[in-house]
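# Observations on the three-dimensional arrangement
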Amino acid sequence: MFTSLSDRLTQTFRNLKRKGTVTESDLNATIRDIRMALLDADVALPVVKEFTGRIRERGLGAEVHQALNPAQQIVKIVNEELVSILGGQTRRLNLAKTPPTVIMLAGLQGSGKTTFAGKLGKWLSDQGHTPLLVAADLQRPNAVTQLEVVGERAGVPVFAPERGNIHGHDASLESGEGTRSFGDPVDVAVDGVEEARRKSHDVVIIDTAGRLAVDVDLMRQAHDIRVETSAHEVLFVIDAMIGQAAVDTAKAFADGVGITGSVLSKLDGDARGGAALSVATVTGQPILFASTGEGVKDIELFHPDRMASRILDMGDVLTLIEQAEKAFDQAQAREMTRKFLADEDFTFDDFLDQLSAIKRMGSLKQMLGMMPGMQGMKAQLDSLDEREFDRVEAMVRSMTPFERNHPKQINGSRRARIARGSGVSTTEVNQLLERFGDAQKMMRQLKKGGGMPGMPGMPGMPGMGGGGGGKKGKQPQRKKGKSGNPAKRAQQERDAAAKEQAARERSLESAFGGGALGAGEQEEAGQDLSGLKLPKGFEKYLDGGKG
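On a predicted model such as this, the values are computed, not experimentally measured, just so you know.

Turning next to the pairing of strand β4 (residues 203-207). Successive side chains on a regular strand alternate, one facing one side of the sheet and the next facing the other. Where burial is concerned, most of β4 is hidden: five out of the five residues are buried. Burial along β4 is two-sided: the face carrying V203, I205 and D207 and the face carrying V204 and I206 are both buried. Where strand β1 (residues 101-106) meets β4, five bridges bridge the pair, whose relative direction is parallel. Paired with L105 across the two strands is D207, which belongs to β4. Bridge count between strand β2 (residues 131-135) and β4: five bridges; the pairing is parallel. Across the sheet, L132 pairs through a bridge with V204, a residue of β4.

Next up, the structure:
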């Protein structure tokens, strides 16, 4: 969504960072580039003026001139102001103290209200709630049927006493049946709330009708539904690809209905994304959710700081971690831990489990795009073929259980059979087995407490701080000789075994995310995390989730 904007801002800051000092002319040139980038991304002009004005005011102040690195300070200011126009703080749903909580969805026709209703229902179900969808859009052809289909996919019940416009009348006739509701949407909404009380649903999600443009009838109907149901949340669903029209639409709904928050739909599109940077400032209400795909699970809480980091190519590691926590099964993680500590080899069955977890996390391109600095590798990301995962999985599933657990026993005839069974060439099977052998070697190295290959401290990896590039690193300490005293020698052996076990556990921590090191272990490992500049909210992952 923000690819073009991110590219231009990244190039602007790259030019700025080349300068040792930042003069007023440098700042003016940077602000001019930022203004052009935002306008090109369809951000509303009043928002752009306010945004660049605050950057100029802070950029000419003491916080930049007294900074050790003025260029980085400018980037920091832009990041903070970008977070501000995106809403500032993450805002969650305000749930009623006395159920049910009534959530009303409003917006133009085609903005994605019905699809989002199912996604929100699924998301709330995963949070332990019991939502009910109410079909109050009785005008759009087959809107009720669509909500029922979406609700079935999400596993959320739908209250639909009226069938609505099932004949597809979408033009104004003399009788007016093309524009009037086929039933009273206000009554349906009120009855839906009562149904939720009777059946102990704690959240009601009301899907309302939209129009192709803002009109008086739409606003009156949406306002009546809000008043009659005493809605706790009125979420304005806006198409993230709508561009400059987002400003007028958002103002109309904010004034006519009185929204409490916004939802950005179709955030996975390739439009310029100006609506996302305009709607929070224009309406004065925060963005609560972002819809990132067509699936019922393609929904995420909107975090302004994380979205700003994505736009500025600083990555979104926290969201990546949260997705991994949801995708990776704890029982499988414990089994991997047991096998790791028991010196059992990594098998193709384990590989299939890991592959399934990665697939559950979503698109690999989207996940890699959350890593810092990935805008510079956009060409490589675009050329990535995610179907390769399917080919690899087909090869593994063409193996017998014996072959999956004993890959070294796969000879030429077995490889040819696997290739025929999976529809690939023998060369591809050979490449898979070779890469899998390298993965097994890596796992064995982890078991010895050597760390991940390519990571700091790894021997034999040039340029990675491991002393493998031909340069002499820190010489390893010589082992002390064993004592001739039997009691002392036994104590030495116990200490050595304890150190080896501790090293293996530390390697396990980094490999499988099995928790963070305690304070004492940090000292023993020589790791002081107190001075690190970490993303906001990252601390909870360093203390095992206690924070």
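This part covers the confidence of the model for the chain. The predicted model of the chain averages 74 in pLDDT, with 67% of residues at 70 or higher. Here helix α23 (residues 519-525) stands out as the element of the chain with the lowest mean pLDDT, 41, in contrast to β4, whose mean of 94 is the highest. Per-residue pLDDT stays below 50 along residues 452-476; that stretch engages in 25 contacts with residues further than four places along the chain or on separate chains. pLDDT under 50 marks residues 508-530. Its contacts with residues more than four places away, or in other chains, come to 27 contacts.

A word on a negative patch on the surface. Where like charges cluster on the molecular surface, the negative patch consists of E162, D184, D187, D191, D224 and E228. Breaking the negative patch down by element, the ones donating at least two residues are α8 (185-198) and α9 (216-229). Within the secondary structure layout, E162 lies in the loop between β3 (158-159) and α8.

Here the structure, examined in full by the defined rule, presents 16 salt bridges. For the salt bridge of R54 with E50, the shortest nitrogen-to-oxygen distance reads 2.7 Å. Placement of both R54 and E50 in helix α3 (residues 45-59) is noted, with a separation of four residues, approximately one turn of the helix. Owing to a relative accessible area of 21%, R54 belongs among the partly exposed residues under this scheme. Among the salt bridges present, the one from D239 reaches K266, with a minimum N-O distance of 3.1 Å. Highlighted residues: D239 in strand β5 (residues 233-239) and K266 in the loop between β6 (261-265) and α11 (274-283), separated in sequence by 27 residues. Overall, the relative accessible area of 16% leaves D239 in the buried class. Judged by relative accessible area, K266 falls into the partly exposed class, the value being 30%.

So, about helix α5 (residues 70-85). Taking 1.5 Å per residue as the helical rise, α5 with its 16 residues ought to reach 22 Å, and the 23 Å between its terminal C-alpha atoms agrees with that figure. Judged by how many residues are buried, α5 sits mostly within the fold: 12 of 16 residues are covered. Those residues of α5 that sit buried are P70, A71, Q73, I74, V75, I77, V78, N79, E81, L82, V83 and I85. Positive phi shows up at G87, right after α5, with a value of about 125°.

Calculation notes
- Each chain carries its own residue numbering, running from 1 in the written order of its sequence.
- It should be noted that, the model being predicted, local features are given only for residues of pLDDT at least 70 and side-chain atom pairs only at 80 or more, the latter also being counted only at that level, while totals for whole chains, interfaces and linings use all residues.
- Derived side-chain values reflect all non-hydrogen atoms in the structure, with water molecules and hydrogen atoms excluded from consideration.
- Each residue's exposure class comes from its accessible area (1.4 Å probe, protein chains only) as a fraction of the maximum for that residue type: buried when under 20%, exposed when over 50%, partly exposed otherwise.
- Helix numbering and strand numbering both begin at the N terminus, where a helix is a DSSP run of H or I of at least 4 residues and a strand a DSSP run of E of at least 2.
- Following DSSP output, two strands are said to pair if at least two bridges run between them.
- Known as pLDDT, the predictor's per-residue confidence is scaled from 0 to 100.
- Contact criterion: two residues are considered in contact whenever any of their non-hydrogen atoms come within 4.5 Å of each other.
- A patch consists of residues exposed above 30% relative accessible area that lack any salt bridge, with like charges linked at up to 9 Å and nonpolar side chains (Val, Leu, Ile, Met, Phe, Trp, Tyr) linked at up to 5 Å.
- Each accessible area is a Shrake-Rupley result for a 1.4 Å probe, and residues are judged covered by the shown protein chains and nothing else.
- The salt bridge definition used is simple: a Lys or Arg side-chain nitrogen within 4 Å of an Asp or Glu carboxyl oxygen.
- Two residue types count as positive, namely Lys and Arg, and two as negative, namely Asp and Glu; His and chain ends fall outside the count.
- By convention, charge coordinates are those of NZ in Lys, CZ in Arg, CG in Asp, or CD in Glu.
- Between the first and last residue of a helix there are one fewer steps than residues, each counted as 1.5 Å, and that sum is the expected span.

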